[in-house]
Amino acid sequence: MASSADISLALVAGEVSGDMLAARLMAGLRPVLPNARFHGIGGPRMIEQGLVSDVPIETLTVRGLFEIIPRYREIKGIQNRLRDRLLEEKPAAFIGADYPGFNLGLEEQLRAGGIPTVHFVGPQIWAWRGGRIKKIQRAVSHMLVIFPFEEQIYRDAGVPVTYIGHPLAETIPMIPDVAGARAKLGLAADARVVTVMPGSRMGELKYLAETFVRTAGLLAKRDPALTFVVPMAGDKQRAYFNEIVARAGLQDVPLTLIDGQSHAAIAAADAVLVASGTATLEVALHKKPMVIAYKVMRASWEIMRHMGYLPWIGLPNILAREFLVPEYLQHAATPEALAGAVWQQLNDTALRDRLAGRFMDMHHSLLRNSAQESAQAVLRVIESDK
């Protein structure tokens, strides 16, 4: 292989979870390619690892099927410009971190142009849109998967694949430090804490913020001593959340908003109300009871509910292959239903103990050295192209 100073790698992440995953892969590559150049599109974690990002990651973040329509030309333009640049520069490999709607199309064009492609986090063809496997076969030189059951699915489809474990299983301790997290957040050691996580994306806040705040209000009426913690992903999210709360006239609900620190907020919790997504796995790895909710534009929901293959949407339930924790979707995600489910999670000791045991087993099954495993897979792809 050429010296690492001669190697350029292109990466794209379009969301916070992809930024975290790609940054860990980059950290694994640094010891073996210390002088490699990274560029593409990413967030703060990838930038910390040396990525030169062409545009802010927020530019790509869109949620839902119909929500992308007003911004399609803008995002397509970003994809085309990046494609043209990479086809000219010929990086040693392109790594797409999740965000399949953008990355798979880009990967297909780059691979056709002779650039090896690695897709980090297999698209959930086991959950919905299984027809994408044909595009994946054309687009992806090597797939990296983070759930153990995915490896055989891609292998059967003839896609080279490596199971690397889930990076969150390494970064989240096996036993959460509840006392330390509460001290860090300035919460009383004996408080009963409900952590409210309506999502990091603006689209999630649009559809879930008011519902989650009303849920907290109902719980506060049941137990005025409850403490509610709401981690905010950034200043824009905080401002939008406050705008939604004010518009709904819910300023009197006793919420404590914090900047970031979502893992501390989860560790400090007795129960968590959480938007469906990667955050549900973070809650499970912290061994916390949770209630999952999901809402999108009505038109998007009507399509998505007919395309799904599984009865679950929450990652803990998908991994467990059962409804381990409650899920409330679209019109069923009412404040009354969510408050009742959270109340049970707070007060059913046997349920809490059972969930902690199941989540511990889940944690062990996902634990690998993901940075090393993913870096070695990328190196094999680069070597095989020489």
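The name given to the chain in an unreviewed UniProt entry is Lipid-A-disaccharide synthase, with Massilia haematophila as the source organism. A UniProt comment under Sequence similarities (unreviewed entry) is attached to the chain, and it reads "Belongs to the LpxB family."

### As for the overall build of the chain
In terms of helices and strands, the chain carries 17 helices and 13 strands. For the C-alpha atoms alone, the extent of the chain along its principal axes is close to 65 × 40 × 35 Å. Classification of the 386 residues of the chain by burial places 54% in the buried group. Here the contacts in the chain between residues at least 6 apart in sequence split such that 68% fall between residues at least 24 apart. In the form shown here, the chain has an accessible surface area of approximately 16,200 Å², with 53% of it arising from carbon and sulfur atoms. Side-chain charges in the chain split into 42 positive and 39 negative, and the spacing between the mean points of these groups amounts to 4 Å.

### Re the side chain of S8
Mapping S8 onto the fold places it in strand β1 (residues 8–13). Setting aside chain neighbours within four positions, we find S8 in contact with R37, H39, P91, A92 and A93.

### Quick word on the nonpolar core
Counting 69 residues, the largest nonpolar core has L9, L11, L29, F120 and M290 as its most contacted members. Membership of the second largest hydrophobic core comes to 32 residues, among which are I244, V245, V253 and A339.

### A short note on the sheet that holds strand β2 (residues 37–42)
Within the open sheet, the 7 strands sit side by side as β3-β2-β1-β4-β5-β6-β7. Their pairing is parallel. Two strands bound the open sheet, and with one partner strand each, they are β3 (51–56) and β7 (161–163). Strand after strand, the sheet turns through a mean of 20 degrees between neighbouring axes, direction not considered. The pairing of β2 with β3 spans 4 bridges and is classified as parallel. Bridging across to β3, G40 finds its partner in S53. Packing of helix α3 (residues 72–89) onto the sheet brings it into contact with β1, β2, β3 and β4 (93–97), and relative to β2 it is tilted by some 165 degrees. Running at roughly 180 degrees to strand β6 (residues 142–145), helix α17 (residues 370–384) makes contact with β1, β4, β5 (117–120), β6 and β7 of the sheet.

### Comments concerning the packing of aromatic side chains
According to the stated counting rule, one finds 2 aromatic pairs in the structure shown. Plain terms: the ring middles of Y99 and F102 are 5.7 Å apart, the flat faces sit at 35 degrees to each other, and that makes the pair tilted. Accessibility classification places Y99 together with F102 in one group, the buried group. Ring geometry for F147 against F149: centres 6.2 Å apart, planes inclined by 5 degrees, an arrangement best described as stacked. Its relative accessible area of 28% is what places F149 among the partly exposed residues. If you follow R192 out to its NZ or CZ, it ends over the ring of W343, 5.6 Å from the centre.

### Quick look at the sheet that holds strand β12 (residues 290–294)
Reading across from one edge, β10-β9-β8-β11-β12-β13 is the order of the 6 strands in this open sheet, with parallel pairing throughout. Lying at the two open borders of the sheet, with one neighbouring strand each, are β10 (255–259) and β13 (327–329). Strand-to-strand twist in this sheet, taken as the mean axis angle between neighbours without regard to direction, amounts to 20 degrees. Judged from the 4 bridges that link them, strand β8 (residues 193–197) and strand β11 (residues 271–275) form a sheet pairing that is parallel.

### Description of the pairing of strand β9 (residues 227–232)
With respect to burial, β9 is a largely interior element, 5 of its 6 residues being buried. Examined bridge by bridge, β8 and β9 share 3 bridges and lie parallel to one another. The partner of T195 across the bridge, within β9, is V229. Between the parallel elements β8 and β9, the chain passes through helix α9 (residues 202–222) in a crossover that is right-handed. As a crossover connection, the stretch from β9 through helix α10 (residues 235–247) into β10 is right-handed.

### With respect to the pattern of salt bridges
For the coordinates displayed, the defined rule picks out 15 salt bridges. Across the pair E210 and R214 runs a salt bridge, and its minimum N-O distance is 3.0 Å. With E210 and R214 both in helix α9, this residue pair falls 4 residues apart, about one helical turn. The exposure class of E210 is partly exposed, given its relative accessible area of 33%. R214 sits in the partly exposed class, given a relative accessible area of 34%. For R247, the salt bridge is made with E243, and the minimal N-O distance between the two is 2.8 Å. One end of the pair, R247, and the other, E243, are both in helix α10, 4 residues apart, so they sit about a helical turn from each other.

### Some words on the environment of Q376
Looking at the element boundaries, Q376 is found in helix α17. Separated by 212 residues in sequence, Q376 and I164 have C-alpha atoms that sit 10.0 Å apart.

Reading the values: rules and limits
Residues numbered from 1 in each chain as written. Predicted model: local features only at pLDDT ≥ 70, side-chain atom pairs only at ≥ 80, totals over all residues. Heavy atoms only, no water. UniProt positions renumbered as here; feature names shortened; annotations may be inferred. Helix = DSSP H or I, 4+ residues; strand = E, 2+ residues; numbered from the N terminus. Buried < 20%, exposed > 50% of the residue type's maximum accessible area, 1.4 Å probe, protein only. Contact = heavy atoms within 4.5 Å. Areas by Shrake-Rupley, 256 points an atom, 1.4 Å probe, with all protein chains shown as cover. Lys, Arg positive; Asp, Glu negative; His and termini not counted. Charge placed at Lys NZ, Arg CZ, Asp CG, Glu CD. Core = buried A, V, L, I, M, F, W, Y, C linked by side-chain atoms within 4.5 Å. Pairing = 2+ DSSP bridges. Axes fitted to C-alpha atoms, helices over the stretch in contact; angles between N-to-C directions. Phe/Tyr/Trp six-rings, centres within 6.5 Å; stacked < 30°, edge-to-face > 60°. Lys NZ or Arg CZ within 6 Å of the ring centre and 35° of its normal. Right-handed = clockwise from strand over helix to strand, strands pointing away. Salt bridge = Lys/Arg side-chain N within 4 Å of Asp/Glu carboxyl O.

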